[in-house]
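Chain by chain, the residues:
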Amino acid sequence: IGYSFLNHNWIMPARYYTRKVQHKGFYIDYFVIDSNAFDAFPAEKNDSHNICGAWHNEVGANCSENGGMESVYVCKDWFWDSYHHQKVWME
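Residues numbered from 1 in each chain as written. Predicted model: local features only at pLDDT ≥ 70, side-chain atom pairs only at ≥ 80, totals over all residues. Heavy atoms only, no water.

**Section: the overall build of the protein chain**
Okay, so step 1: Counting its secondary structure elements, the protein chain contains one helix and two strands.
Okay, so step 2: Reading the protein chain from its N terminus to its C terminus gives the helix and strand order β-β-α.
Okay, so step 3: The dimensions of the protein chain, computed from C-alpha atoms along their principal axes, are 55 × 30 × 25 Å.
Okay, so step 4: Looking at the protein chain as a whole, 19% of its 91 residues qualify as buried.
Okay, so step 5: In the protein chain, the share of contacts with a sequence separation of at least 24, taken over all contacts with a separation of at least 6, comes to 36%.
Okay, so step 6: One finds the centroid of the 7 positive side-chain charges in the protein chain at a distance of 14 Å from the centroid of its 11 negative side-chain charges. (Helix = DSSP H or I, 4+ residues; strand = E, 2+ residues; numbered from the N terminus. Buried < 20%, exposed > 50% of the residue type's maximum accessible area, 1.4 Å probe, protein only. Contact = heavy atoms within 4.5 Å. Lys, Arg positive; Asp, Glu negative; His and termini not counted. Charge placed at Lys NZ, Arg CZ, Asp CG, Glu CD.)

What follows is the structure, encoded as structure tokens:
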């Protein structure tokens, strides 16, 4: 996420979205979803690779003001609930 401030190619239009791209003689529908759920574990687990880990987030971290989770302790479930919602959206 921090790299987004250095390279604006990493900024997506939304957490999940679709784009239709026209090619010569055909088009493709691309469906882009947020796969962060696969890097989301309980706050006290997997310190080296856990976007929801207490180790990498300051005490009291809260993302609810921008539509995210209220704490690292509900973070994993928030990402997985969102991921399942996105899969239904793709159908």
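There's plenty left to go through after this.
**Describing the environment of Met69**
Okay, so step 1: Within the secondary structure, Met69 sits in the loop between strand E2 (26–32) and helix H1 (72–90).
Okay, so step 2: In sequence terms Met69 and Gln86 are 17 residues apart; their C-alpha atoms lie 17 Å from each other.
Okay, so step 3: Met69 has contacts with Asn62, Cys63, Ser64, Val74, Cys75, Trp78 and Phe79, leaving out every residue within four places of it along the chain.

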